[in-house]
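The primary structure of each chain is shown beneath.
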Number of protein chains: 2
Amino acid sequence: MTTERTGSPSLIDVARAAEVSTATAGRALGGYGQVSERARERVLRAAAELGYRTNSLARSMITGSTHTIGVIVTDVANPFFAMALRGITDVAHPAGFEVLLVNTGRNVEAEQRAVTVMSEKRVDGIIVAAARPSRGRHLKQTIDAGVPVVLLDREVSGVSEADTVTIDNEHAAGEATRHLLELGHRRIGLVTEAGDEFDRLRRPGNRRKGLLPSALRLRGYLRALEDAGLPVEESLVATARYDRESAYEAAGRLLALPEPPSAVLCTDNVLASGAYRAVQDSGLRIPEEISVVGFDDEPWTTLVRPALTVVEQPDYELGLRAGRQLLHRLDGGSGSAKPQSVRLRATLVVRDSTACRR
Amino acid sequence: MTTERTGSPSLIDVARAAEVSTATAGRALGGYGQVSERARERVLRAAAELGYRTNSLARSMITGSTHTIGVIVTDVANPFFAMALRGITDVAHPAGFEVLLVNTGRNVEAEQRAVTVMSEKRVDGIIVAAARPSRGRHLKQTIDAGVPVVLLDREVSGVSEADTVTIDNEHAAGEATRHLLELGHRRIGLVTEAGDEFDRLRRPGNRRKGLLPSALRLRGYLRALEDAGLPVEESLVATARYDRESAYEAAGRLLALPEPPSAVLCTDNVLASGAYRAVQDSGLRIPEEISVVGFDDEPWTTLVRPALTVVEQPDYELGLRAGRQLLHRLDGGSGSAKPQSVRLRATLVVRDSTACRR
């Protein structure tokens, strides 16, 4: 180590201490280009020992990249997003990208702040599960400012320049509803967050942009009933907030109807666990007296008795595809390519909580 | 909006468009000081419309703070960390701090990179649940470089300058073991990740630094048996990796012993769900033929029948305290104050999966 050094250690100091070339040290610290594992370790150790702090702005001026991507989700505690995140990082890390995550708690102002902070921190691109798909101006402006955005799980109004990776929510809920119809159920209750959109979604239309997955699932349920020639009854659509207690109460309201449903479909894993509990507490036997379908194949759905029939979302693949899409766009050349839209299919996993109506 | 503007919009442009003073615009964009909600919204809208991108380095030179904190956890999919994160953000956001999260997947190299990236991005401080508490040099160097670090859930060797917020894991596991002892159980199986440390932990000593929670829980189990004058039998300690399938197999090995345990304690929520499944599949009746205790009070533990007796960790409070600790240290003056150490107590929640040994 040189002793003439004054002030902060430089890249040259790090290279000297690690006994590698400055170029190698730069690549190792910048996370770009080819560096042997051994050299990388030596450089990182030397940098750590010297207290070397790279200047990300300076680095980005040289490499044109900070090798970080931002991920914004609405609820990191939801296993759905946790798995999607794993998919993203499993693509990003081998490509030398670090992932910075922000949890918005479904608050669009928090999302706007997150986009601002990430832009300031010079992330190379952003993957976002929009809190309110009807409000996307901040996302459009981010793209206009040169930061690529991939929309995850939700298509956003007015953001036509972004790649999108979503799940066909309408089809998924429709399939679950058709499964219950085939079992002879005619009064199928729905526990949903999107009950407020009942009137709007009943009207014809296939627009997906600007709608949350919960709304698209409600539409899938409504269309499946219509296709089967069944009347749609508003009292069978029970609205819940995004928490277990609210779902417990919503399911309770369905069970207390003068003519209660013989099956209940829950369009989210948080709602499903609250509704399942309400059915347990009602004393009704599953599936003999009531069928129950949940969303997302979480471990608890096979620990309960009877095991829960669920719509399994390809959560990990969703993240994987979104990560690939972003890296592809960052990988030069394709920056101005036409936006890609990927829509994945969910799978109905039939277990023991659904049976023929008696 | 001024038309003379060339190139990127400036803070002055934003202030003009929002019809506020430059100082107000700066505060609103910087997230510091007093700004009315209405002014803040106008400024953020104007900034978004103009495509204004603050320069975080420039800002930090003025304010001395980027108003972001970094949070590094080992598994964001674990509800324990998801709740701790909620605690952190519930403290950080009202104080005007954004939270950037990195998930290390329990990989210490990923943690070292995360610390580097966060330092480069000029976060004001870092809260970290260390992947390997025996390896903390990168954390010490981060502190030495002037970035405050709060250790979450794990005390790290050689990092005496950091505030720590942990749970008394040894006491928690000891309490669960004593509960089973009081019910008359004498052969208590343990499903743990820390089986490799069996020999080391059997020896006297109270060191906590450098040990993972799983190791401390194993020690709590061992001490409780010793205190009760019972022999410690290595075959009753079944080692699992951090996944459900591995825990399923580990519990299966316990049940297949020539003299199987009459109770099983699982020291993690991931392990508990795998072990619970193994007991279900064994055909043994819970709690008549075998008692089961899990860790973490997750929703599924009350959906299964019988409902699971668990050790409830104060996960949300853990995050809350860590967030407060960091903000306190950032809030000027206390930068060089003596490190604080907070240790929270877990609670045993007795439900229906534990009963007297027959």
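Please refer to the structure higher up on the page.
Fair warning: this is a prediction, and the values are worked out from it, not measured in the lab.

Here is what the cut-offs are and how they apply
Residues numbered from 1 in each chain as written. Chains lettered and ligands numbered in written order. Predicted model: local features only at pLDDT ≥ 70, side-chain atom pairs only at ≥ 80, totals over all residues. Heavy atoms only, no water. Helix = DSSP H or I, 4+ residues; strand = E, 2+ residues; numbered from the N terminus. Buried < 20%, exposed > 50% of the residue type's maximum accessible area, 1.4 Å probe, protein only. Contact = heavy atoms within 4.5 Å. Areas by Shrake-Rupley, 256 points an atom, 1.4 Å probe, with all protein chains shown as cover. Lys, Arg positive; Asp, Glu negative; His and termini not counted. Charge placed at Lys NZ, Arg CZ, Asp CG, Glu CD. Salt bridge = Lys/Arg side-chain N within 4 Å of Asp/Glu carboxyl O. Least-squares fit on C-alpha atoms with pLDDT ≥ 70 in both. Buried area = accessible area lost by both parts, 1.4 Å probe. Polar contact = N/O pair within 3.5 Å; in protein donor to acceptor, adjacent residues only side chain to side chain. Axes fitted to C-alpha atoms, helices over the stretch in contact; angles between N-to-C directions. Parallel < 35°, antiparallel > 145°, perpendicular 65-115°, else oblique. Left-handed = near helix turned anticlockwise from the far one by under 90°. Nonpolar A, V, L, I, M, F, W, Y, C, P; charged D, E, K, R; others polar. Phe/Tyr/Trp six-rings, centres within 6.5 Å; stacked < 30°, edge-to-face > 60°. Lys NZ or Arg CZ within 6 Å of the ring centre and 35° of its normal. Pairing = 2+ DSSP bridges. Expected span 1.5 Å × (residues − 1).

Considerations on the overall build of chain A
So, step 1. In terms of regular secondary structure, chain A is built from 14 helices and 12 strands.
So, step 2. Expressed along its principal axes, the backbone C-alpha trace of chain A runs to roughly 85 × 40 × 30 Å.
So, step 3. Looking at chain A residue by residue over its 358 residues, the buried ones come to 59%.
So, step 4. If you take every contact in chain A between residues at least 6 apart in sequence, the share linking residues at least 24 apart comes to 67%.
So, step 5. When the accessible surface of chain A is split by element, carbon and sulfur atoms take 47% of a total near 14600 Å².
So, step 6. The averaged location of the 46 negative side-chain charges in chain A is 3 Å from the averaged location of its 46 positive side-chain charges.

Points about the pattern of salt bridges
So, step 1. Scanning the entire structure with this criterion turns up 43 salt bridges over all chains.
So, step 2. The salt bridge partner of Arg 321 of chain B is Glu 317 of chain B, with a shortest N-O separation of 3.2 Å. Placement of the pair is Arg 321 of chain B and Glu 317 of chain B together in helix α14 (residues 315–330), with a separation of 4 residues, close to one helical turn.
So, step 3. A single network of salt bridges, built from pairs that share partners, joins Glu 170, Arg 219, Arg 223 and Glu 226 of chain A.

Brief notes about the relation of the copies chain B and chain A
So, step 1. Relative to chain A, chain B is turned by 180 degrees and slid 0.1 Å along the rotation axis, the superposed coordinates differing by an RMSD of 0.1 Å. Both copies are brought into coincidence by an operation consistent with a two-fold rotation axis.
So, step 2. Most of the interface of chain B is mirrored in chain A: 98% of its interface residues are interface residues there too.

Notes on the interface of chain B and chain A
One widely used convention gives an interface's size as the accessible area the parts lose upon coming together.
So, step 1. Taken together, the contacts link 48 residues of chain B with 47 residues of chain A.
So, step 2. A buried area of about 4600 Å², summed over both sides, lies between chain B and chain A, and 53% of it is on carbon and sulfur atoms.
So, step 3. Put simply, chain B and chain A have 4 salt bridges between them.
So, step 4. For Arg 86 of chain B, the salt bridge is made with Asp 75 of chain A, and the minimal N-O distance between the two is 3.6 Å.
So, step 5. Scanning the region where chain B abuts chain A turns up 14 residue pairs in polar contact (both at pLDDT 80 or more).
So, step 6. Looking at the side of chain B that touches chain A, the elements with two or more residues in it are α3 (37–50), α4 (56–63), α5 (79–92), β2 (98–103), α6 (108–120), α7 (137–144), α12 (269–282) and α13 (300–303) of chain B.

Overview of the environment of Glu 49 of chain B
So, step 1. Its place among the elements puts Glu 49 of chain B in helix α3.
So, step 2. Sequence separation between Glu 49 of chain B and Gly 96 of chain B is 47 residues, and the spatial gap between their C-alpha atoms is 22 Å.
So, step 3. Among residues more than four places away in sequence, those in contact with Glu 49 of chain B are Arg 137 and Gln 141 of chain A.

Some remarks on the packing of helix α11 (residues 244–255) of chain B against α12 of chain B
Residue and element names in this part refer to chain B.
So, step 1. Packing of α11 against α12 brings their axes to within 7 Å, and their N-to-C directions diverge by 50 degrees. As the angle between them shows, α11 and α12 are arranged oblique. In this structure, the crossing between α11 and α12 has a hand that is right-handed. Between α11, through Arg 244, Ala 247, Tyr 248, Ala 251, Gly 252 and Leu 255, and α12, the contact on the second element is made entirely by Val 270, Leu 271, Ser 273, Gly 274, Ala 275, Arg 277, Ala 278, Val 279, Asp 281 and Ser 282.
So, step 2. Across the contact of α11 with α12, the residue classes tally to 9 nonpolar, 4 polar and 3 charged.

A closer look at unusual backbone geometry
So, step 1. Omega for the peptide link from Arg 305 of chain A to Pro 306 of chain A comes to 0 degrees, which places this bond in the cis form.
So, step 2. The residue Pro 306 of chain A is located in the loop between α13 (300–303) and β10 (309–312) in this model.
So, step 3. Residues other than glycine seldom take positive phi values, yet Arg 106 of chain B does so here, at roughly 65 degrees.
So, step 4. With respect to the secondary-structure elements, Arg 106 of chain B resides in the loop between β2 and α6.
So, step 5. With a relative accessible area of 34%, Arg 106 of chain B lands in the partly exposed category.
So, step 6. Backbone geometry places Arg 122 of chain B, a non-glycine residue, at a positive phi of 60 degrees.

A closer look at the packing of aromatic side chains
Residue and element names in this part refer to chain A.
So, step 1. Going through the model one piece at a time under the given rule, you end up with 4 aromatic pairs over all chains.
So, step 2. Measuring from centroid to centroid gives 6.0 Å for Tyr 276 and Trp 300, while their planes differ by 75 degrees, and the two rings are edge-to-face. Of this pair, Tyr 276 sits in helix α12 (residues 269–282) while Trp 300 sits in helix α13, and the two are 24 residues apart along the sequence. Like Tyr 276, the residue Trp 300 is buried in the burial classification.
So, step 3. Seen from the ring of Tyr 242, Arg 106 lies directly overhead, with NZ or CZ sitting 3.7 Å from the centre.

A short note on the sheet that holds strand β8 (residues 263–266) of chain A
Strand pairing in a sheet relies on backbone hydrogen bonds, with the paired strands running either antiparallel or parallel.
All names here are of chain A.
So, step 1. Overall, mixed pairing links the 6 strands, which are arranged β7-β6-β8-β9-β10-β12 in an open sheet. The sheet is open, and its two edges are formed by β7 (237–239) and β12 (347–349), each paired on a single side. On average, each strand axis in the sheet is inclined to that of its neighbour by 20 degrees, with strand direction left out of account.
So, step 2. Two strands pair when backbone bridges link them, and β8 and strand β9 (residues 291–295) are joined in this way by 3 bridges, in the parallel orientation. Paired with Val 264 across the strands is Val 292, a residue of β9.
So, step 3. Lying on the sheet, α12 is in contact with β6 (188–192), β8 and β9; it crosses β9 at an angle near 155 degrees.

A short note on the environment of Thr 177 of chain A
Residues and elements named next belong to chain A.
So, step 1. Position of Thr 177 among the secondary structure elements: in helix α8 (residues 169–182).
So, step 2. Since its relative accessible area comes to 0%, Thr 177 is described here as buried.
So, step 3. Measuring from C-alpha to C-alpha, the distance between Thr 177 and Arg 285 comes to 20 Å, with 108 residues separating the pair along the chain.
So, step 4. With near-sequence residues (within four places) excluded, Thr 177 lies in contact with Ile 188, Tyr 221, Ala 224, Leu 225 and Leu 265.

Some remarks on helix α11 (residues 244–255) of chain A
Residue and element names in this part refer to chain A.
So, step 1. Compared with the 16 Å implied by 1.5 Å per residue over 12 residues, the 16 Å span of α11 between its first and last C-alpha is a close match.
So, step 2. Packing partners of the buried residues in α11 comprise β6, β7, β8 and α12.
So, step 3. You can read the cap of α11 off the contacts: a side-chain oxygen lies 3.2 Å from the backbone nitrogen of Glu 245, and it is on Asp 243.

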